[in-house]
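# Chain and residue survey
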Amino acid sequence: MSKYNIDDIRKKLKSKSGKFNDPDEFKPPKADSTTDPIKFRFYVLGPVMAGEKLKSGVVSDDSGMEQFFVSHGNHWVNNRPHPCPRTWDNTECDVCQTGFDLLKEEKEENARKAIINAWMPSSYHMINIYFPNNKVNPEELRGTVKFFNAPKSVLDIMTATLMRDDAGDSEDPQAFGVFFDETSSFLFQLEVLKQGKNNSYKTSGFLANGGKPTPIAKDKDGKADDNKIKKILFNRHDLVSKIEKPDQDKISRLAKSMLNGDDYDDDNGGFDKDENKSSKSTNESKDKKEEKEPESDEGDSLIDEGPLDDEGPLDDDDIIDDSDDQKSKSDDQKSKSDDQKSKSNDSSDSSDSSDDSDDSDDDDDSDLDSLLDQLDDDDDD
Ligand SMILES: [Zn+2]
């Protein structure tokens, strides 16, 4: 046994910023095909409640989740994440507010996009996910519980399913209802395609399984395997505790320095200095990439990441479940036609004059829409 505590070391690696080097995080790889998606299948797990006992310890009173996801956001400025108070708990954020103010005065679309890029946060929706022993999944993921910072496009697909009361048309049944209920769940198929320079997930969706929800783990008779389910839930991650909480003072100072054009990353008054010190050296090489793609789309981590030794496959006795393959074939068809559409939207991507102008993947666009909605709301006040 090593004299070093691997858990402690890993904890310290964590950048506390929504952009972790966290071995518990699942990061989809960077797709390089616009037609042939990289696929993963997982179950979304239910919210972690205050007082629950998890592998990582008892969930504290302020770490309980109200939903199956936890939303948080970062303002990315000079490659550094700054947690956004508005995204976290709807409190005031000087950076967002400045962005909204600028947007009110700007009507030209490209200029508006530039403002949004500079002033608006990237938002993430953290969920706990369980990768069953399914042949679609890479071997090292099978049987593991990870967390995933889902982009808005993925969350939207999930919430649309939540809103459906039943499977609908028996000719073409759909997943519906509380898909994260461990006893009656639907398997989510994440499809990663390349769109522009980024990943697109818009062809992803739940596998309908004939409109019949199933337990996330089954025994030989196809009934819920309670012991295994318990184990899976015990391995969920305390998501709230993984998020760095926003600091109003720091955000105010950040907004000011952005407006003044200060380079606050230099030694001007120690802004964020202590915080960044420890993580700087480990993050430095990644910073450049993160600048353009803060949406956790980096593709390098799957291989590095490997499962934790003490958290490998939960059980080996799970028969590889490929019964859904038939279902997913029609999804494949669908994704191909979707892709044709997305390709035609991609034509603006050929210009390489500006790095900022061509990173508008669908996630950005949906973020943009919701931001503009919020702006409209603000106008009404
Ligand atoms: Zn903000």
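Residues numbered from 1 in each chain as written. Predicted model: local features only at pLDDT ≥ 70, side-chain atom pairs only at ≥ 80, totals over all residues.

### Here's the deal with the overall build of the protein
When helices and strands are tallied, the protein shows 11 helices and 10 strands. The burial tally for the protein puts 36% of its 381 residues in the buried class. At a minimum sequence separation of 6, the contacts of the protein that also span at least 24 residues come to 70%. (Helix = DSSP H or I, 4+ residues; strand = E, 2+ residues; numbered from the N terminus. Buried ≥ 20, exposed ≤ 12 C-beta atoms within 10 Å, placed from the backbone. Contact = placed C-beta atoms within 7 Å.)

### Structural notes on the nonpolar core
Membership of the largest hydrophobic core comes to 47 residues, with the highest contact counts inside it found for Tyr-43, Val-44, Ile-127, Ile-129 and Tyr-130. If sequence neighbours within four positions are ignored, Ile-129 has contacts with Phe-26, Phe-42, Tyr-43, Val-44, Leu-45, Lys-146, Phe-147 and Phe-148. Within the second largest apolar cluster, 10 residues are counted, among which are Cys-96, Ile-116, Trp-119 and Met-120. (Core = buried A, V, L, I, M, F, W, Y, C linked by C-beta atoms within 7 Å.)

### A word on the packing of helix H3 (residues 94-105) against helix H7 (residues 248-260)
Contact geometry of H3 with H7 gives a least axis separation of 7 Å together with a crossing angle of 40 degrees. In this view, H3 runs oblique relative to H7, as classed from their interaxial angle. Side by side, H3 and H7 meet where Asp-94, Val-95 and Thr-98 of the first sit next to Ile-251, Ser-252, Leu-254, Ala-255, Met-258 and Leu-259 of the second. Here the residues of the contact of H3 with H7 are counted per class, giving 6 nonpolar, 2 polar and 1 charged. (Axes fitted to C-alpha atoms, helices over the stretch in contact; angles between N-to-C directions. Parallel < 35°, antiparallel > 145°, perpendicular 65-115°, else oblique. Nonpolar A, V, L, I, M, F, W, Y, C, P; charged D, E, K, R; others polar.)

### Quick look at unusual backbone geometry
The phi torsion at Asn-78 lies on the positive side, around 45 degrees, for a residue other than glycine. Looking at where Asn-78 falls in the secondary structure, it is placed in the loop between strand E4 (70-77) and strand E5 (80-83).

### Looking at the confidence of the model for the protein
Per-residue confidence for the protein gives a mean pLDDT of 76, with 65% of residues at or over 70. Note that pLDDT drops below 50 for residues 266-366; the model gives that stretch 127 contacts with residues more than four away or on any other chain. (pLDDT = per-residue confidence, 0-100.)

### Some thoughts on the pairing of E5
Of the two faces of E5, the one lined by Arg-80 and His-82 and the one lined by Pro-81 and Pro-83 are each fully buried. Taken together, the 4 bridges between E4 and E5 define a ladder with antiparallel strand orientation. Along E5, the bridge assignment pairs His-75 with His-82. With antiparallel pairing between neighbouring strands as the criterion, E4 and E5 make up a hairpin whose turn holds 2 residues, including Asn-78 at a positive phi of roughly 45 degrees. (Pairing = 2+ DSSP bridges.)

### Some thoughts on the pairing of strand E7 (residues 145-150)
Burial within E7 is extensive, with 6 of its 6 residues counted as buried. Of the two faces of E7, the one holding Val-145, Phe-147 and Asn-149 and the one holding Lys-146, Phe-148 and Ala-150 are both buried throughout. Inspection of the sheet shows strand E6 (residues 122-130) paired to E7 by 6 bridges, in the antiparallel sense. Looking at E7, one finds that Met-126 is bridged to Asn-149.

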